[in-house]
Protein chains: 2
Amino acid sequence: MRAIVFDKTLIYAKDYPTPMPGDGEALIKVVMAGICATDLEIIKGYMGFKGVLGHEFCGMVVEAADSALTGRRVAGEINIGCGRCKLCASGARNHCPERSVLGILNKDGVFADYVTMPVENLHPLPGSITDEEAVFIEPLAAAFEIGEQVELEGKDVCVLGDGRLGLLCAQAIALSDCNLTVIGRHAEKLAILERRGIRAKIGASGMGRIFDVVVDCTGSASGFAEALALARPRGTVVLKTTVAERTDMNLNQLVIDEITVTGSRCGPFKSAIVALAGRRVDVLPLVSRIFSMEDGIAALGHAGKKGVMKVLVRVG
Amino acid sequence: MRAIVFDKTLIYAKDYPTPMPGDGEALIKVVMAGICATDLEIIKGYMGFKGVLGHEFCGMVVEAADSALTGRRVAGEINIGCGRCKLCASGARNHCPERSVLGILNKDGVFADYVTMPVENLHPLPGSITDEEAVFIEPLAAAFEIGEQVELEGKDVCVLGDGRLGLLCAQAIALSDCNLTVIGRHAEKLAILERRGIRAKIGASGMGRIFDVVVDCTGSASGFAEALALARPRGTVVLKTTVAERTDMNLNQLVIDEITVTGSRCGPFKSAIVALAGRRVDVLPLVSRIFSMEDGIAALGHAGKKGVMKVLVRVG
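Residues numbered from 1 in each chain as written. Chains lettered and ligands numbered in written order. Predicted model: local features only at pLDDT ≥ 70, side-chain atom pairs only at ≥ 80, totals over all residues. Heavy atoms only, no water.

**Student:** Describe in detail helix 4 (residues 137-149) of chain B, supporting the description with residues and values.
**Tutor:** The end-to-end C-alpha distance of helix 4 of chain B is 19 Å, a good match for the 18 Å that 13 residues give at a rise of 1.5 Å each. For helix 4 of chain B, the complete set of buried residues consists of I137, E138, P139, L140, A141, A142, A143, F144, E145 and I146 of chain B. (Helix = DSSP H or I, 4+ residues; strand = E, 2+ residues; numbered from the N terminus. Expected span 1.5 Å × (residues − 1). Buried < 20%, exposed > 50% of the residue type's maximum accessible area, 1.4 Å probe, protein only.)

Right, dumping it as structure tokens:
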């Protein structure tokens, strides 16, 4: 099968072995895949991953341990737990220490004609969600994770950053009963939110420490310090992106102002699917360009360019 | 009056002006004072403080806006809010942006014969608490703050560090219904806890990431990384001490493992007073030495020595 493989360098393979579904797994024909910042980090060496890249996708189930899934269009949760440890047993398989992660850790990803996944990771999709939208379910679920971790209701909330994740987090948070302000750098990106009635602002100058919750979606080394500068004493900063290097740390402010910092990663697919199906979020304005599978390597190059939002790859 | 004053250098003054109580304030004759790590940091230049040092104390009220306090023995909360801002109105005067802090920020402290304090900051002391014990109310209150911020009940909790604050935090946390382990470096200090039935261990080797809550009381730059290495995914790390420099930060682990980090500072005096009065904690084994007021500068020097626990200064 065709596959975009990373092994120290990027390779477009035409004859990569088609995976065989194991016990409890499904074989899925990939239809559409999305490029995430994590993919771009992996290409730079993050996680030391070797194999087929990609973890945002939708596809058609070709065969499955659960025959009710066969022929269904699905999205898939990316963490595959061992199913035996304490964390898996407690429902936190996303945190299983033995987990593999689709296209990120010990598991071939979705920039390929076929992928295998445990059936318990799969979510059938309603027809009202397009393939292009379905690719956003994984990052949108991560956006909904914030509300699972931090009380937002009645709070003054700030989303810092207007990149892909910032715009998804803003839309997810806007569905809660809070007072949301998004602070970004790009008028055209913030306009996507303003059209949906979300308050947005270029730069934080003169704002002071007024927010109960600040979500750092900057993806930059300086984002944490910027977020701290906006959080009130006893406020919460949610870290939503990993950043290779952070140098200017001031943990003393956490102590003096009793700030809470919460890391936030993968989230509930169901919330994302319900929001998309109900047209309560709009992800299509985030699509910068759709590439064909043959142009997958060019797609990854394009996704890394300044100002580019979401890049999709039409696989099937 | 006599006072130990810091103004770039330490001065033992014999004729420092006796403070005059303002509206709503009490004049207090200091009886006993304690030396805190923060005092030692201030001498190194932290906070840029100038004035009378010291913030842990008990004393006798000489005169007060509230006459019922006159003649009472008291301890005092160290943060003095403006009383007008949103944070003061919400009961968080400890976080008032205009606050002064006894012996730390814009307010003369307690290494002096007299100090003034707002009457609302004062807590009358029951006779069952000795002067020596009363000096521990402020740091012990800070230890009880942890339970105000983080759910401890039923949790696997680790206190990391066996210095003054570590031993207080351990004793405060041991009163909650949790499974506590204290990890330190000094058998003689950990023995203080073991005598009270608290599980203690030298070093964390081989423990892995098993704790729901880890309280960093190390006071060292490496403490945060050590605490992270003991916290389970989705666990909480409580930062209890400010450290001048922290270099080896790994905030990515916070995101990947969805760790929450909570800064923790001053706490509820009432909890500390109730625990001391009820003999539910024992702070006296932490007293290394009591100096006279005249030897106050020597006391500060002694407090900074390796292995020394709490140093007290008998003022009145």
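**Student:** Tell me about the interface of chain B and chain A, and name the residues and values.
**Tutor:** Taken together, the contact between chain B and chain A spans 33 residues of the former and 33 residues of the latter. Across the interface of chain B and chain A, roughly 2900 Å² is buried in total on both sides, 56% from carbon and sulfur atoms. Our count for the contact surface shared by chain B and chain A stands at two salt bridges. Where E145 of chain B meets R234 of chain A, a salt bridge forms, and the shortest distance between an N and an O atom there is 3.7 Å. Connecting chain B to chain A are 13 residue pairs in polar contact (both at pLDDT 80 or more). At the level of secondary structure, the elements contributing two or more residues to the side of chain B that touches chain A comprise helix 4, strand 15 (231-239), helix 8 (251-256) and strand 16 (260-263) of chain B. Examining the composition of the side of chain B that touches chain A, we find that five residues originate from one element, helix 8 of chain B, more than from any other. The class makeup of the residues in the side of chain B that touches chain A is 16 nonpolar, nine polar and eight charged. Taken together, the three bridges between strand 16 (residues 260-263) of chain A and strand 16 of chain B define a ladder with antiparallel strand orientation. (Contact = heavy atoms within 4.5 Å. Buried area = accessible area lost by both parts, 1.4 Å probe. Salt bridge = Lys/Arg side-chain N within 4 Å of Asp/Glu carboxyl O. Polar contact = N/O pair within 3.5 Å; in protein donor to acceptor, adjacent residues only side chain to side chain. Nonpolar A, V, L, I, M, F, W, Y, C, P; charged D, E, K, R; others polar. Pairing = 2+ DSSP bridges.)

**Student:** Give me the lowdown on the environment of K107 of chain B, citing residues and values where you can.
**Tutor:** Residues and elements named next belong to chain B. If you trace the backbone, K107 turns up in the loop between strand 8 (100-101) and strand 9 (114-118). Judged by relative accessible area, K107 falls into the buried class, the value being 14%. Residues K107 and H55, 52 residues apart in the sequence, show an inter-C-alpha distance of 9.9 Å. Ignoring anything within four residues of it in the chain, the contact list for K107 reads E25, F49, V52, I80, S100, V101, L102, T116 and M117.

**Student:** Please give an account of the domain arrangement of chain A that cites residues and values.
**Tutor:** Residues and elements named next belong to chain A. Taken as a whole, chain A is organised into domain 1 (3-136 + 283-314) and domain 2 (143-263). The gap between the C-alpha centroids of domain 1 and domain 2 is 27 Å. Taken together, the contact between domain 1 and domain 2 spans 15 residues of the former and ten residues of the latter. Interface of domain 1 and domain 2: buried area, both sides summed, is about 890 Å²; carbon and sulfur atoms make up 64% of it. The three residues of domain 1 that bury the most area against domain 2 are P285, L286 and M309, which together make up 49% of that side's buried surface. Put simply, domain 1 and domain 2 have zero salt bridges between them. The tally of links from domain 1 across to domain 2 stands at one residue pair in polar contact (both at pLDDT 80 or more). No other element matches the three residues that helix 1 (residues 37-43) contributes to the side of domain 1 that touches domain 2. Within the side of domain 1 that touches domain 2, the residues separate by chemical class into twelve nonpolar, one polar and two charged. (Domains from an automatic or database assignment.)

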